[in-house]
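This is what each chain is made of:
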Amino acid sequence: MSVLALAVSGVLVVGACGGGGEEAGGSGDAAAAGNSTGPITYVQGKDNSGIVQPAIDKWNAEHPDQKVTLKEQTDQADQQHDDLVQNFQAENADYDVVSVDNIWTSEFAAKGWLQPLTGEYELDQSALLEPTVNAETYNDTLYAAPTTSDGGLLYYRKDLVPTPPTSWEEMMGMCDIATQNGMDCYAGQYAQYEGLTVNVAEAINTAGGSILSEDGKTATLDTPEAKAGLDALVKGFQDGSIPKQATTYQEEQGRQSFQDGKLLFLRNWPYVYSLAKTDGSSTVKDTFGVAPLPGSGDGQPGASSLGGHAAGISVYSDHKKTAFEFLKFLQSEEIQRDWLTQGSAAPVLEALYDDPALVEQFPYLPQLKTSISNAVPRPVTPFYPAVTKAIQDNAFSALSGSKPTDTALADMQAAVQNAIGGK
């Protein structure tokens with residue numbers, strides 16, 4: 001899967017199906033069954049960059065009696081989600097290992113569809129970046145093995161801003177540089193889709209706020225910190241620091257504006273780096289830099305929303321022992337290194353971000369490590385589809401000026417609380 005597909009399909013789009021409120025564990029018989037070895041199927045979104053089948057080929061060469069077959073879904077994340085739901089509901093034993101966006105894990109775990117990675121299925125995750133593990137943990141139990149990650153980065157014009165800003169306030173103070181050069185100042189992803197949840201969550205978390213309580217049972221948007229985060233974005237639109245057309249921006253519109261030399265600062269994913277360097281139409285090939293997202297002014301970087309995917313074992317699999325070994329294989333240094341070098345997929349192994357040869361090949365790795373290390377998963381709840389809709393609807397109203405910030409935040413608080421079951 002290409003980094004663009006990973007960032008857009010896997011991270012920034014979510015299916016419309018709502019989560020259920022069932023307790024984790026589902027069918028106890030299913031969870032206990034299938035403790036054997038044998039051929040399995042690995043299900044994931046379309047392998048656009050061609051990195052998954054070569055990994056499976058390596059596995060199959062070493063495990064001729066436990067072969068893995070790749071089943072590719074579409075490249076649309078909502079369709080991937082719905083396909084998994086339908087096959088879990090049908091108790092399809094042929095979906096042995098499934099690739100899940102990290103915002104789906106709690107939904108699938110709560111419905112009892114994923115094998116808990118405990119006991120004989122316990123995985124050593126100590127070498128992984130901690131936020132990637134937290135994102136796959138529900139009710140203090142790991143349900144999926146992180147396989148790829150992602151974090152937001154700040155792209156900036158280093159010819160105009162030699163030292164990147166470390167706080168939002170500092171960055172907004174540099175917008176006169178954009179004005180003097182006939183450019184827009186800053187943009188992220190503010191169209192009414194999953195990317196808006198990503199950007200709004202980053203603003204709220206960076207300001208010290210949160211969307212849900214740690215147990216996921218209470219909306220926590222009625223705080224000064226959450227208001228400060230949303231206010232920062234609203235003010236940016238009001239004073240023109242963020243162009244009004246950014247309410248139509250997904251990843252590609254912002255990338256194109258930055259590559260065309262029309263934008264001083266851009267929040268986007270790592271996939272932009274190689275395109276901005278190599279696209280024939282890019283006007284900034286030698287004039288842009290990469291930095292962590294700006295923070296709140298306390299010396300800490302901004303809190304990126306965490307992207308990425310994980311591999312989970314279906315409770316209905318007949319060959320869970322093989323599935324478990326395949327999870328370990330996907331997390332191995334060999335495969336993690338292959339996926340980075342062959343497909344630019346952000347690894348989950350922390351040590352790879354400090355490898356001098358890899359940093360030379362991918363100069364943004366240190367900044368990406370900072371981003372992921374300080375990242376916050378989007379709300380961990382089995383009701384995520386309804387929660388993200390509540391955030392998008394009300395945040396978009398605030399950014400587009402149809403609701404005052406206080407009203408939008410109050411409505412968001414009520415809608416999120418309603419989505420997770422009220423009080």
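The text that follows walks through the structure, step by step, so that each part is easy to find. All chains use their own residue numbering, which begins from 1 and follows the written sequence. This being a predicted model, a pLDDT of at least 70 is required before a residue's local features are given, and a value of 80 or more before pairs of side-chain atoms are given or counted; all residues contribute to the totals for chains, interfaces and linings. Note that the side-chain values use all heavy atoms of the structure and ignore hydrogens as well as water.

Ring pairs (aromatic) are described by centroid distance and by the angle formed between their planes. Note on aromatic pairs: the rings of Phe, Tyr and Trp (six-membered ring only in Trp) are paired at centre separations within 6.5 Å, and the planes decide the class, stacked below 30 degrees, edge-to-face beyond 60, tilted for the rest. Overall, the coordinates contain 18 aromatic pairs when judged by the stated rule. When the centroid spacing of 6.2 Å and the interplanar angle of 80° are considered together, the rings of Phe258 and Phe288 count as edge-to-face. Of this pair, Phe258 sits in helix 11 (residues 251–259) while Phe288 sits in strand 10 (residues 288–291), placing them 30 residues apart in sequence. A single burial state applies to Phe258 and to Phe288, both of which are buried. Every member of this aromatic cluster is reached through a ring pair, and the members are Tyr155, Phe258, Tyr273, Phe288, Phe362 and Tyr364. Geometrically, a lysine NZ or arginine CZ counts as sitting over a ring once it is within 6 Å of the ring centre and also within 35 degrees of the ring normal. Lys277 extends its terminal NZ or CZ atom over the ring of Phe288, reaching a point 5.2 Å from the ring centre. Put simply, DSSP H or I for four residues or longer makes a helix, DSSP E for two residues or longer makes a strand, and each gets a number counted from the N terminus. Only protein chains enter the accessibility calculation, which uses a 1.4 Å probe; a residue whose area is less than 20% of its type maximum is buried, one above 50% is exposed, and one in between is partly exposed.

This paragraph deals with the sheet that holds strand 10. The four strands are arranged 8-9-7-10 in an open sheet whose pairing can be described as mixed. Looking along the sheet, the strands with just one partner apiece sit at the ends: strand 8 (184–187) and strand 10. The sheet shows a mean angle of 15° between the axes of neighbouring strands, taken without regard to direction. Here a strand pair is declared whenever DSSP counts at least two bridges between the two strands. Across three bridges, strand 8 lies against strand 9 (residues 263–268) in parallel orientation. From the neighbouring strand, Asp184 faces strand 9, where its bridge partner is Leu263. Contacts: residue pairs with any heavy atoms within 4.5 Å of one another. To define axes, lines are fitted to C-alpha atoms, for helices over the stretch in contact only, and angles between the resulting N-to-C directions are given on a 0 to 180 degree scale. Across the face of the sheet, helix 12 (residues 271–278) comes into contact with strand 7 (153–157), strand 9 and strand 10 while running at roughly 170° to strand 10.

Attention now moves to the sheet that holds strand 3 (residues 97–101). Pairing within the open sheet is mixed, and its five strands lie in the order 2-1-3-11-6. Each having just a single partner strand, strand 2 (68–72) and strand 6 (145–150) make up the two edges of the open sheet. Neighbour-to-neighbour, the strand axes of the sheet open up by a mean angle of 20°, direction not taken into account. As judged from the five bridges shared by strand 3 and strand 11 (residues 307–313), these two strands associate in the antiparallel manner. What sits directly across from Val100, in strand 11, is Ala310. Strands strand 1 (40–44) and strand 3 of the sheet are contacted by helix 4 (residues 77–89), whose axis makes an angle of about 135° with strand 3.

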